[in-house]
Amino acid sequence: MSTAPNRPIFWFLWPQEKTAVDGDFRQIRMLRIPARGPWRLILLVAATLLLVMLGGVAIMGSAGAGLFPVLLTGAVLASALLVLLRGWSIGTYVNDAGFAIRRMFTSTIGSWSSVVNTDRTDGQVVLHLVDGSTVSTHIARNSLDTWLRPSAYDAATISIENWSAQH
């Protein structure tokens, strides 16, 4: 008989040592603030389903038409897919190192040391940078993520203010 202690059923889920997380923990993964709201999800899911359905019909319709229509259909579908994928990634992201504001065709990336303060201008959160410029975030009362959800707007605003104040 073995003297080793019995392992739990799901032993791989339990840490080896029971130690507290130290102060050196860093958030490396970018977190989206706020999370995608119901209006944005409805729009993105509908656009994805529409692209899949129309894409399948377009590919089947152009399959026997020759090389040029197939290439044209493929180019249009690839372009639509890229725009849709970028639509899924649009938003304001933060981690311990800084922020990233991803728009449809541009991105703004910066560190928290370059942020002087945050401001709620006309219902939208704006970051004021050290060089005197401002960066508008996606956190707004009328955005697809917070529309008709004032508590989501308040939570996102408080969250980004806390992120910028900690660093």
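Description of the structure in this document. (Residues numbered from 1 in each chain as written. Predicted model: local features only at pLDDT ≥ 70, side-chain atom pairs only at ≥ 80, totals over all residues. Heavy atoms only, no water.)

**Some thoughts on a nonpolar patch on the surface**
On the surface, Trp-39, Ile-42, Leu-43, Leu-144, Trp-147 and Leu-148 cluster together into a nonpolar patch covering about 610 Å² of accessible area. Relative to the assigned elements, Ile-42 resides in helix H1 (residues 38–62). On the accessibility criterion, Ile-42 (54% relative accessible area) is exposed. (Patch = residues over 30% accessible without salt bridge, like charges linked within 9 Å, V, L, I, M, F, W, Y side chains within 5 Å. Areas by Shrake-Rupley, 256 points an atom, 1.4 Å probe, with all protein chains shown as cover. Salt bridge = Lys/Arg side-chain N within 4 Å of Asp/Glu carboxyl O. Helix = DSSP H or I, 4+ residues; strand = E, 2+ residues; numbered from the N terminus. Buried < 20%, exposed > 50% of the residue type's maximum accessible area, 1.4 Å probe, protein only.)

**Some words on the pairing of strand E3 (residues 98–102)**
By the criterion of burial, E3 is predominantly enclosed, with four of the five residues buried. The sheet contact formed by strand E2 (residues 91–94) and E3 spans four bridges and is antiparallel. Bridge pairing in E3 links Val-94 to Phe-99. Between E2 and the antiparallel strand that follows it, E3, lie three residues. Sheet analysis places E3 next to strand E4 (residues 107–111), joined by five bridges and oriented antiparallel. By the bridge assignment for E4, Ala-100 is matched with Ile-109. (Pairing = 2+ DSSP bridges.)

**A closer look at the sheet that holds E4**
One open sheet accounts for four strands, arranged E1-E2-E3-E4; its pairing is antiparallel. The strands lining the two open edges of the sheet, one partner per strand, are strand E1 (31–33) and E4. Within the sheet, the average angular offset between the axes of one strand and its neighbour, ignoring direction, is 25°. Contacts between helix H2 (residues 67–89) and the sheet are confined to E2, E3 and E4, with E2 contributing the most and set at about 55° to the helix. (Axes fitted to C-alpha atoms, helices over the stretch in contact; angles between N-to-C directions. Contact = heavy atoms within 4.5 Å.)

**Overview of the sheet that holds strand E7 (residues 134–140)**
As summarised here, the arrangement of the three strands in space is E5-E6-E7, forming an open sheet in which the pairing is antiparallel. The outermost strands of the open sheet, each flanked by one partner alone, are strand E5 (115–121) and E7. On average, adjacent strands in this sheet sit at an angle of 25° to one another, irrespective of strand direction. The pairing of strand E6 (residues 124–129) with E7 spans four bridges and is antiparallel. The residue bridging His-128 from the neighbouring strand is Thr-134, located in E7. Sheet strands touched by helix H3 (residues 150–166): E5, E6 and E7. Its angle to E5, the strand with the most contacts, is close to 165°.

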